[in-house]
Amino acid sequence: MEWIRDERPRRITLISTGGTIASRWQGSGYAAEAAGSDVLDASALPEGVTVDVVDLFNVNSSRMTSLRQLALLNAVHDALADPGVDGVVITHGTDTLEESAFFLDLHHSDPRPVVLTGAQRPIGTGDSDGPGNVYDAVQVAASVRDLGVLVVFDGVVHPARGTVKTQTLASDAFSDPSAPSLGKVGFGKVDTRRSPERPAPLPLPAAALATADDDAAPGLPRVDVITHHSDADPLLFRAALAAGARGIVLVATGAGNATPDFVDAVREAVEEGVLVTVTTRVPAGPVAEIYTGGGAVDLVAAGALLTGTLRAAQTRIAVLSALLSDVSPNHRTELLRGLLIGPAFQEPALSAGSRFSGGAPTPATASASSALR
């Protein structure tokens, strides 16, 4: 779909949070320092668009916290409470941009867009990519509707869900290794080839009323990420439980595999009411119930939820969002399951009749497999 703005003036709110796009040299390295107005002044603006700046906080995004993300969520809702605002742009550090974008998307019910962008090279350098990214983000925010929260970077439009940082330094920093982008922006127009699949949005959690002044977030549920590897045992998994974790993301190997010892630890955690999810350290593809012997088959039987194609950082955000939601503990697992569900498809290797299944193909699975080839 091609989005071309009409002649009506557009008004965008830009929320500045720091990151490389706002970083200046500090004598030994770069750190976030520039105000949102400085970031905006470095960029041209699309014709007919005015931008109001909100300086929310100014940090390297490696210092992002759940409390700051809640403050950002509240700031977005405040901005969209003004019917005269056509969209929101957020300038954000790239290190944790994927987490903040997904958190906002899970709670976004407004048809107006929220667009996150940033930079790989600091403000004021001759080759900074920040100004171009801001221009594109404003263009998208002033043009599209009903696409949820977006990431716009290096001329590409991405959905919040599934989009992760895949390049440490290159300008094309973001992609979804398991799915195509939504489209592109350039030459005064936005082209989108599809609409993102999103679960029903969550209500604004009460915790979003917290301020961003404190680095710690007392009272917020702890969600930890534990990685499986050769020689791994559940020591750190159980340490997370002992530290009070109410959710754990297990980053498994392959299609979602660990060991029998991890299965026991997962079962113990679930019995204590802890939300446990299983993702993978492999860059692309879904986790799936294929293997026993500590694999995903056994982890699911122990009570863990598989995350589809969501990777660790965004899975953690889904778990946190379920824990912050105003539902009873008995219903949180089903709520989380809904947040984790992505686009529905079946891997050909998992179809009935394949060498993994031991059964004859049904017409439905045969059709699905054929469509993917």
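Figured I'd write up the structure that's included with this text. Note that the structure is predicted; figures quoted are calculated from it, not measured.

Helix-helix packing: each pair is described by the crossing angle between the helix axes and the interaxial distance. Between helix H5 (residues 235-242) and helix H6 (residues 260-271), the least distance of the axes is 10 Å, while the angle of their chain directions is 15°. Here H6 runs roughly parallel to H5, going by the angle between their axes. Remark: the crossing between H5 and H6 carries left-handed chirality. For the pair formed by H5 and H6, the contact residues are Phe237, Arg238 and Leu241 on the first element and Asp261, Phe262, Asp264, Ala265, Val266, Glu268 and Ala269 on the second.

Right, let's get into the sheet that holds strand S15 (residues 245-252). Taken in spatial order, the four strands line up as S14-S15-S16-S17 in an open sheet, and their pairing is parallel. Of all strands in the sheet, those bounded by a partner on one side alone are strand S14 (222-227) and strand S17 (305-306). Bridge count between S14 and S15: six bridges; the pairing is parallel. Residue pairing for S15: valine 223 is matched across the bridge by glycine 247. Packing against the sheet, helix H8 (residues 312-324) makes contact with S14, S15 and strand S16 (275-280), and its axis sits at approximately 155° to S15.

Attention now goes to the sheet that holds strand S8 (residues 149-153). What the nine strands build is an open sheet, ordered S1-S13-S12-S9-S8-S7-S6-S2-S5; its pairing is mixed. In this open sheet, the two strands that pair with only one neighbour each are strand S1 (2-3) and strand S5 (49-59). Here strand S2 (residues 10-18) runs beside strand S6 (residues 87-91); their pairing, made up of five bridges, is parallel. Note that in S6 the partner of isoleucine 15 across the bridge is isoleucine 90. Running at roughly 175° to strand S7 (residues 114-117), helix H3 (residues 97-106) makes contact with S6, S7 and S8 of the sheet.

Bringing the nonpolar core into the picture now. In this structure, Val76, Val88, Ile90, Leu104, Val114, Leu116 and Leu336 are the most contacted members of the largest nonpolar core, which totals 45 residues. Listed by contribution, the elements that provide at least two residues to this core are helix H2 (66-80), S6, H3, S7, S8, S15, H8 and helix H9 (329-340). Among the elements that line this core, the one with the most residues is H8, at eight residues. Contact partners of valine 88, with chain neighbours within four places excluded, come to Ile12, Thr13, Ile15, Val76, Ala79, Leu80, Pro113, Val114, Val115 and Ala141.

Once that is clear, we can look at the pattern of salt bridges. In this structure the tally under the stated criterion is 13 salt bridges. A salt bridge links arginine 24 to glutamate 33; the nearest nitrogen and oxygen atoms lie 3.6 Å apart. With relative accessibility at 30%, the residue arginine 24 sits in the partly exposed group. By relative accessible area, which is 41% here, glutamate 33 ends up partly exposed. Between arginine 121 and aspartate 127 there is a salt bridge, with its nearest N and O atoms 3.6 Å apart. For arginine 121, a relative accessible area of 24% gives the class partly exposed. One continuous salt-bridge network, built from bridges that share partners, spans Arg11, Asp52 and Asp82.

Parameters at a glance
- Residues numbered from 1 in each chain as written.
- Predicted model: local features only at pLDDT ≥ 70, side-chain atom pairs only at ≥ 80, totals over all residues.
- Heavy atoms only, no water.
- Axes fitted to C-alpha atoms, helices over the stretch in contact; angles between N-to-C directions.
- Helix = DSSP H or I, 4+ residues; strand = E, 2+ residues; numbered from the N terminus.
- Parallel < 35°, antiparallel > 145°, perpendicular 65-115°, else oblique.
- Left-handed = near helix turned anticlockwise from the far one by under 90°.
- Contact = heavy atoms within 4.5 Å.
- Pairing = 2+ DSSP bridges.
- Core = buried A, V, L, I, M, F, W, Y, C linked by side-chain atoms within 4.5 Å.
- Buried < 20%, exposed > 50% of the residue type's maximum accessible area, 1.4 Å probe, protein only.
- Salt bridge = Lys/Arg side-chain N within 4 Å of Asp/Glu carboxyl O.

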